[in-house]
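Coordinate analysis (summary)
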Amino acid sequence: MSVISNHTNNMKMVDKQLISVVIILLCCVHFHVQSSHDVEDGISRSQFPEGFLFGTSSSSYQIEGAPFEDGKGLSNWDVFSHTPGKINNDENGDIADDHYHRYLEDIELMSSLGVNVYRFSISWSRILPRGIYGDINPRGIMIYNKIIDNLLLRGIEPFVTIHHSDLPHELEERYGGWISPLIQVKYWTTINEPNLVVESAYMRGIHPPGHCSPPFGNCYTGNSDVEPLIAMHNMLLSHAKAVKLYRKHFQAKQGGSIGIVAHAFMYEPLRDEECDRQAVNRTLAFGLPWVIDPLVFGEYPAEMHSILGSQLPRFSLRENNLIKGSLDFIGINHYGTLYAKDCSLSACPFGADHPISGFVETTGTRDGIPIGDQTGMLELFVVPKGMEKIVDYIKIRYHNMPVYITENGYSSPLKADVTMHDLLQDFKRIDYHKAYLAALLRAIRKGADVRGYMIWSLLDNFEWTHGYETRFGLYYVDRHTLERIPKLSVQWFSSFLNNTGHTNKRENLGEQHLGSKNVRNVGFNFI
Ligand code: BGC
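Treat the numbers as computed from the prediction; the structure is a model and nothing was measured. (Residues numbered from 1 in each chain as written. Predicted model: local features only at pLDDT ≥ 70, side-chain atom pairs only at ≥ 80, totals over all residues. Heavy atoms only, no water.)

1. Considering empty space enclosed by the protein
Considering all chains together, one arrives at 8 cavities of 30 Å³ or more under this definition. Volume-wise, the second largest cavity comes out at about 70 Å³. Of all the secondary-structure elements, those providing two or more residues to the lining of the second largest cavity are α2 (60-63) and α5 (124-127). Residue composition of the lining of the second largest cavity, by class: 2 nonpolar, 6 polar and 5 charged. (1 Å grid on protein atoms, 1.4 Å probe; cavity = no way out; pocket = protein on both sides within 12 Å on 5 of 7 lines; lining within 4 Å. Points joined across faces, edges and corners; volume = space filled by probe spheres on them. Helix = DSSP H or I, 4+ residues; strand = E, 2+ residues; numbered from the N terminus. Nonpolar A, V, L, I, M, F, W, Y, C, P; charged D, E, K, R; others polar.)

2. Remarks on the confidence of the model for the chain
Looking at the chain as a whole, the pLDDT averages 86, with 84% of positions reaching at least 70. A low-confidence stretch, residues 1-37 stays under pLDDT 50, and its non-local contacts, those more than four residues away or across chains, total 84 contacts. Predicted confidence for residues 512-527 stays below pLDDT 50, and this span has 38 contacts to residues more than four positions away or in other chains. (pLDDT = per-residue confidence, 0-100. Contact = heavy atoms within 4.5 Å.)

3. A closer look at the state of the cysteines
Defined simply, a disulfide is a covalent bond joining two cysteines at their sulfur atoms. Applying the stated rule across the entire model yields 2 disulfides. The disulfide that involves cysteine 212 links it to cysteine 219, with 2.0 Å between the sulfurs. Its S-S torsion of approximately 100° makes the covalent link between cysteine 212 and cysteine 219 right-handed. Using a relative accessible area of 25% as the deciding quantity, one classes cysteine 219 as partly exposed. Between the sulfur atoms of cysteine 343 and its disulfide mate cysteine 348 the distance is 2.1 Å. Measuring handedness by torsion sign, the sulfur bridge of cysteine 343 and cysteine 348 sits at about -95° and is left-handed. (Disulfide = S-S within 2.5 Å. Buried < 20%, exposed > 50% of the residue type's maximum accessible area, 1.4 Å probe, protein only.)

4. As for the packing of aromatic side chains
Counting across every chain of the model gives 28 aromatic pairs. Judged by centre distance (6.2 Å) and plane angle (50°), the rings of phenylalanine 265 and tyrosine 267 are tilted. Aromatic side chains phenylalanine 329 and tyrosine 404 sit 5.0 Å apart centroid to centroid with 80° between the ring planes, which places their arrangement in the edge-to-face category. Here tyrosine 404 lies in strand β13 (residues 403-408) and phenylalanine 329 lies in strand β6 (residues 329-333), a separation of 75 residues in the sequence. Relative accessible area serves as the criterion here: at 2%, tyrosine 404 is assigned to the buried category. For arginine 479, the ring lying beneath its charged end belongs to tyrosine 468, and the centroid distance is 3.7 Å. (Phe/Tyr/Trp six-rings, centres within 6.5 Å; stacked < 30°, edge-to-face > 60°. Lys NZ or Arg CZ within 6 Å of the ring centre and 35° of its normal.)

5. Some points on the nonpolar core
Where a protein is soluble and globular, its nonpolar side chains tend to be buried together. With 125 residues, the main nonpolar core has Phe48, Ile330, Leu440 and Tyr453 as its most contacted residues. The element contributing the most residues to this core is helix α16 (residues 427-445), with 11 residues. Once you skip the residues sitting within four places of it in the chain, isoleucine 330 turns out to touch Ile260, Leu288, Ile292, Ile394, Tyr398, Met401, Pro402, Val403 and Tyr404. The next biggest cluster of nonpolar side chains, apart from the first, holds 8 residues, and it includes Trp77, Ile87, Phe462 and Tyr468. (Core = buried A, V, L, I, M, F, W, Y, C linked by side-chain atoms within 4.5 Å.)

6. Topic: the site of the ligand
Taken together, the neighbourhood of the ligand is formed by 14 residues, with Gln62, His164, Glu193, Glu407 and Glu463 sitting nearest. Contact distances for the ligand include 2.9 Å between an oxygen atom and a side-chain N or O atom of asparagine 192. The separation between an oxygen atom of the ligand and a polar side-chain atom of tyrosine 335 is 3.4 Å. For the ligand, whose unbound accessible area comes to 310 Å², protein coverage reaches 94%. Here the residues of the shell around the ligand are counted per class, giving 6 nonpolar, 5 polar and 3 charged. (Near = heavy atom within 4 Å. Polar contact = N/O pair within 3.5 Å; in protein donor to acceptor, adjacent residues only side chain to side chain. Areas by Shrake-Rupley, 256 points an atom, 1.4 Å probe, with all protein chains shown as cover.)

7. Some details on the environment of tyrosine 267
Mapped onto the elements, tyrosine 267 comes out in strand β5 (residues 266-269). Residue classification places tyrosine 267 among the buried residues on the basis of a relative accessible area of 10%. Tyrosine 267 sits 96 residues away from threonine 363 along the chain, and the two C-alpha atoms are 9.4 Å apart.

8. Observations concerning helix α11 (residues 288-297)
With respect to burial, α11 is a largely interior element, 9 of its 10 residues being buried. All buried positions along α11 are accounted for by Leu288, Pro289, Trp290, Val291, Ile292, Asp293, Pro294, Leu295 and Val296. Following α11 by one or two positions, glycine 298 adopts a phi angle in the positive range, close to 85°.

Here's what the structure looks like:
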């Protein structure tokens, strides 16, 4: 039974609003207490509450390929990634992981891992090739129905995001994307990381439509101090309208729930000073609560009000009613922790001393020493404790609302002389997940209502402006053949999921058998 359907005319408007997010409601369970010492090595699925969702996470543009197939329209990322100089090595998602043609194989991979959830996104331009114009493309609906049906057949719950960065190009052209209030009208979805989208697209200008102003960056147009606030406002209102529709027409029938996904770094004070401790509080509030506070309480965070005052867009009374409570759960993408430094008393670079940044500069190093192991994505550092802290923070701020960890992942360090062997023997990824899961378990044992954990990502994929160099996958994807080759972390995750436990310890994880074709030196520009 699919969550997306092809209805008759009188349902057309509703039909345009794709139904998202089917989630099993979980029971509260009792679990035993174990000392935190051996938690990491002994970490296993059985320690998590019964029915906890474990899976992997992905997004349409990053894995599907097939940009012109079966009536799909152009998306903003199709256009942006083909603009010379925008993406590392001028790569693009035209092929990506070819998931569009290989989804059955990929579902088999997930099934053999033993996951019970898969988070993916629906490409808007496959379903509505011209955004809100033109007709619904039934072939676009069909592919997601097939994916969903095949997941359900294997006992894997689909966890669907409808907007994960890719937007029909026509909406970008007509409105400038999320900058226009018109975009709210027909947009019904949960959205991936509005806070990161507005920062990348309208503050730093490094994602489409590439708007920004100095000192944040040099773009052909934009206003980094103002546009992120407007875009966020429109995204939140769009979310609330989608939720209203979903609740009215589908929720009771499906017994599902609907949420939104925010990106959530954790922060530590750069210096042992009160001003930096305050900076931590501010930058936290300018992150996830910028998205979640309005949806739970109907207002932007007090910390933002006190700095931005009347610059913050206002919700009318009607909008306030619409938006408040428009959330069944919070999805968080948590990868790492950074230091926060106060910029209210001193000047800071790249706009960190502007109100929109909360007068905070964030950095991964203190006196040249990284806060944790630096990963292939240079702004991400491994600090497992950050997972526990951010979940504690959300528990307190939102009165223990249900949370799903919708993304957590590790990108292998970028080294010029990296070999295929290094990439496949990904002990660091395994250590990362074990330590982050142990930190999550500590937060759950203190009472946090966390219901699922999804690894970013099943496959190495198109990593936005980084192209294919940055690899988060449990499976290595050969850029020539698109073959999926399991990294050691597949063995670990599968053993974790199936509670076989013995491969949890590093010494028990055998060397991968690498066929000769796999054992070759690969530079990072090997496609
Ligand atoms: C995004 C993904 C991205 C991942 C790794 C997340 O913030 O949702 O699309 O690939 O980070 O950078």
